[in-house]
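# Remarks on the overall topology
Next come the chains, spelled out residue by residue.
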Amino acid sequence: MNVLLCSINTLKRLYDISAVEVGQHFYWQIGGFQVHAQVLITSWVVIAILLVSAILVVQNPQTIPTFGQNFFEYVLEFIRDVSKTQIGEEYGPWVPFIGTMFLFIFVSNWSGALLPWKIIQLPHGELAAPTNDINTTVALALLTSVAYFYAGLSKKGLSYFGKYIQPTPILLPINILEDFTKPLSLSFRLFGNILADELVVVVLVSLVPLVVPIPVMFLGLFTSGIQALIFATLAAAYIGESMEGHH
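Residues numbered from 1 in each chain as written. Predicted model: local features only at pLDDT ≥ 70, side-chain atom pairs only at ≥ 80, totals over all residues. Heavy atoms only, no water.

As annotated in an unreviewed UniProt entry, the chain carries the name ATP synthase subunit a, chloroplastic and comes from Sophora moorcroftiana. Entered under Function (unreviewed entry) in the UniProt record, the comment concerning the chain runs "Key component of the proton channel; it plays a direct role in the translocation of protons across the membrane." If you open the UniProt record of the chain and go to Sequence similarities (unreviewed entry), you find "Belongs to the ATPase A chain family." (UniProt positions renumbered as here; feature names shortened; annotations may be inferred.)

### A few points about a nonpolar patch on the surface
On the surface, Trp-44, Ile-47, Leu-51 and Ile-55 cluster together to form a nonpolar patch covering roughly 410 Å² of accessible area. Within the secondary structure, Ile-55 is located in helix 2 (residues 37-58). (Patch = residues over 30% accessible without salt bridge, like charges linked within 9 Å, V, L, I, M, F, W, Y side chains within 5 Å. Areas by Shrake-Rupley, 256 points an atom, 1.4 Å probe, with all protein chains shown as cover. Salt bridge = Lys/Arg side-chain N within 4 Å of Asp/Glu carboxyl O. Helix = DSSP H or I, 4+ residues; strand = E, 2+ residues; numbered from the N terminus.)

### Describing helix 5 (residues 134-156)
Taking 1.5 Å as the rise per residue, helix 5 with 23 residues should run 33 Å; its terminal C-alpha atoms sit 33 Å apart, in good agreement. Here helix 5 has its buried residues at Thr-136, Thr-137, Leu-140, Ala-141, Thr-144, Ser-145, Ala-147, Tyr-148, Phe-149, Ala-151 and Gly-152. Immediately downstream of helix 5, the backbone of Gly-157 shows phi near 70 degrees, a positive value. (Expected span 1.5 Å × (residues − 1). Buried < 20%, exposed > 50% of the residue type's maximum accessible area, 1.4 Å probe, protein only.)

### Thoughts on the packing of helix 3 (residues 67-87) against helix 4 (residues 95-114)
Packing of helix 3 against helix 4 brings their axes to within 9 Å, and their N-to-C directions diverge by 115 degrees. On the basis of their axis angle, the class for helix 3 and helix 4 is roughly perpendicular. The crossing of helix 3 and helix 4 is right-handed. Across the interface between the two elements, Val-75, Leu-76, Phe-78, Ile-79, Arg-80 and Ser-83 from helix 3 touch Val-95, Ile-98, Gly-99, Phe-102 and Leu-103 from helix 4. Residues belonging to the contact of helix 3 with helix 4 are distributed by class as follows: eight nonpolar, two polar and one charged. (Axes fitted to C-alpha atoms, helices over the stretch in contact; angles between N-to-C directions. Parallel < 35°, antiparallel > 145°, perpendicular 65-115°, else oblique. Left-handed = near helix turned anticlockwise from the far one by under 90°. Contact = heavy atoms within 4.5 Å. Nonpolar A, V, L, I, M, F, W, Y, C, P; charged D, E, K, R; others polar.)

### With respect to the UniProt feature "transmembrane region" (unreviewed entry) in the chain
Summarizing the sequence annotation, UniProt attributes the feature "transmembrane region" (unreviewed entry) to residues 35-58, 94-114, 134-153, 190-212 and 218-239 in the numbering used throughout. Within the segment residues 94-114, helix and strand shares are 95% and 0% respectively, and the terminal C-alpha atoms sit 30 Å apart. Span residues 134-153 is 100% helix and 0% strand, its end C-alpha atoms 28 Å apart.

### Structural notes on the nonpolar core
Ile-87, Trp-94, Phe-97, Ile-98, Leu-140, Phe-231 and Ile-239 are the most contacted members of the largest nonpolar core, which has 32 residues in total. Elements that contribute at least two residues to this core include exactly helix 3, helix 4, helix 5, helix 6 (172-207) and helix 7 (213-244). If sequence neighbours within four positions are ignored, Ile-239 has contacts with Ile-87, Trp-94, Phe-97, Ile-98, Ala-147, Tyr-148 and Ala-151. (Core = buried A, V, L, I, M, F, W, Y, C linked by side-chain atoms within 4.5 Å.)

### A few points about the environment of Leu-40
By secondary structure assignment, the location of Leu-40 is in helix 2. What makes Leu-40 partly exposed here is its relative accessible area of 25%. For the pair Leu-40 and Trp-28, spaced twelve residues apart in the sequence, the C-alpha separation amounts to 9.6 Å. With residues up to four places along the chain from it excluded, the contact list for Leu-40 reads Trp-28, Ile-30 and Val-35.

Set out below in structure tokens:
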């Protein structure tokens, strides 16, 4: 009987850890703005992870790279390949932007799956991956949209807006609508996939023993990485499209 009660209590604690609170947030008042504190906290943790990792790697670079340096050089090469493939020969200035998007989303998604955020109790809401909040995904998408317009304007000046009446002025409303729906599609694609993955795990944990959802959690790590790659690839593709001036 004691063993059974202990097992039930253990499963209950695991269920509580895996639970998702929908529609609740822990608010901070900063100036005249009300912000989601849990998103800021987890975002700062992700940024700290990236900064500390970068500082440790560049602190003592070697001619023959060590494992850590070799890994980060591979990541940089991967980001450069994505940028060059989508943007073209003028990809150089955009590598930091595309790399920042990819790494932030990747580490955010994995932090939600690997770090035990839910052990830390908040008065309202819960800690989770920053990309689990639609405000974060909208902000990332808007940054991409700003970069998209900046790339076109810096390359072509005011003549950039001529593309909206190509091949015929009749398409002006459609072309404008297309540009403004790009960040919206990026945001909902990222947010929807991350939230859906968490909800699937919660449902499985509530219906079946924990040994069944574990493979799904590992699959979630893979799909989280794919989502970061998709976002970065589409951002680079939009920037490249803006600089080329065609749809």
